[in-house]
Amino acid sequence: MVQVLKEETAQRILDAARDAFYSDGFKGATMRGIADGAGIPVGLVYSYYDSKLTLFDKVVLPVRMMLGTLLDTEETKKKTPRGEQSLFEEVSELLGLFKTHRKEFLILSDKSAGTPYESFKQEIIEMTTNHIKAGLEEKLSGKYEDMDDFIFHILASNFTESVLEIARHWKGEAWAAQMLNLVAQQYFYGVNSF
């Protein structure tokens, strides 16, 4: 029974922390506010997590790791030939992530100033850049020898910001699926014109 209560308290702290970081960002959230949200004394929060940053890590690290796996360049190379089907599979994986961890994703991208994750959005753009470049590498071989690699960064930045906008303006799963598919179609056919 004691273990169940400890797990329940830990979950209440995590839920309250996620809500606080989502509404106020890392800098604006306080341990006292998190404790109030969990309905427990602030000292009890510290018995589970020694700092706000430790708690922040606990909230966002699983999502950070999932996104890293989704955009892993080596995995991209294994999915050759790169085509519309694999892109839509990745969009489907992203939708699944949003269904369960949308707030954590937005905390990382928009509300992590003051943490080691504050460059998360740029890291996602860089991973997406590498992802796009790997996906087009064979297709572009010898075709555009003088093309500046910055185009991959531009494509990745635009795609990443489109995905973030869908997450920020969430109107439900069906709406998000429609928006992600429309963005992916536009992206796929635009990039495919190279």
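Relevant structure appears above.
The rules we used
Residues numbered from 1 in each chain as written. Predicted model: local features only at pLDDT ≥ 70, side-chain atom pairs only at ≥ 80, totals over all residues. Heavy atoms only, no water. Salt bridge = Lys/Arg side-chain N within 4 Å of Asp/Glu carboxyl O. Helix = DSSP H or I, 4+ residues; strand = E, 2+ residues; numbered from the N terminus. Buried < 20%, exposed > 50% of the residue type's maximum accessible area, 1.4 Å probe, protein only. Contact = heavy atoms within 4.5 Å. Core = buried A, V, L, I, M, F, W, Y, C linked by side-chain atoms within 4.5 Å. Phe/Tyr/Trp six-rings, centres within 6.5 Å; stacked < 30°, edge-to-face > 60°.

> Mind laying out the pattern of salt bridges, listing which residues take part and the relevant values?
Pairing between side chains becomes possible if they bear opposite charge and their charged atoms approach one another. One pass over the full model with this rule turns up 11 salt bridges. Lys 133 is paired through a salt bridge with Asp 149; the nearest N and O atoms lie 2.6 Å apart. Separated by 16 residues along the polypeptide, Lys 133 in helix 7 (residues 120-140) and Asp 149 in the loop between helix 7 and helix 8 (150-168) bring together distant segments of the chain. Given a relative accessible area of 32%, Lys 133 falls into the partly exposed group. Salt bridges here are not isolated pairs; linked through shared partners, they connect Asp 110, Lys 121, Glu 161, Glu 165 and Arg 168.

> Talk me through the environment of Val 45; I want residue IDs and the actual numbers.
Assignment of secondary structure puts Val 45 in helix 3 (residues 42-48). Since its relative accessible area comes to 0%, Val 45 is described here as buried. Along the backbone, Val 45 and Ile 13 are 32 residues apart, and their C-alpha atoms lie at a distance of 6.9 Å. When near neighbours in sequence (up to four residues on either side) are disregarded, Val 45 contacts Ile 13, Met 31, Ala 35, Ile 40 and Leu 55.

> Outline the nonpolar core, supporting the account with residue identities and numerical values.
A general trend in soluble globular proteins is that nonpolar side chains are found buried together. Counting residues in hydrophobic clusters, the biggest one holds 50 residues, and the most contacted among them are Phe 21, Ile 34, Leu 55, Leu 67 and Phe 105. Where this core is concerned, the elements lending two or more residues are helix 1 (2-28), helix 2 (31-38), helix 4 (52-70), helix 6 (84-110), helix 7, helix 8 and helix 9 (173-192). With residues up to four places along the chain from it excluded, the contact list for Leu 55 reads Ile 13, Leu 14, Ala 17, Phe 21, Met 31, Ile 34, Val 45 and Tyr 49.

> Kindly report on the packing of aromatic side chains, identifying the contributing residues and their values.
Two aromatic rings are characterised by how far apart their centres lie and by the angle between their planes. On inspection of all chains with the given rule, the structure shows 7 aromatic pairs. Centre to centre, the rings of Phe 98 and Phe 105 are 5.1 Å apart; their planes meet at 55°, and the pair counts as tilted. Considering the side-chain rings of Phe 105 and Phe 120, the 6.3 Å spacing of their centres and the 85° angle between planes classify their relative orientation as edge-to-face. Of this pair, Phe 105 sits in helix 6 while Phe 120 is found in helix 7, placing the two residues 15 residues apart along the sequence. Judged by relative accessible area, Phe 105 falls into the buried class, the value being 4%. Aromatic rings pair up to connect Phe 21, Phe 26, Phe 56 and Tyr 117 into one cluster.

By themselves these figures say nothing about function.
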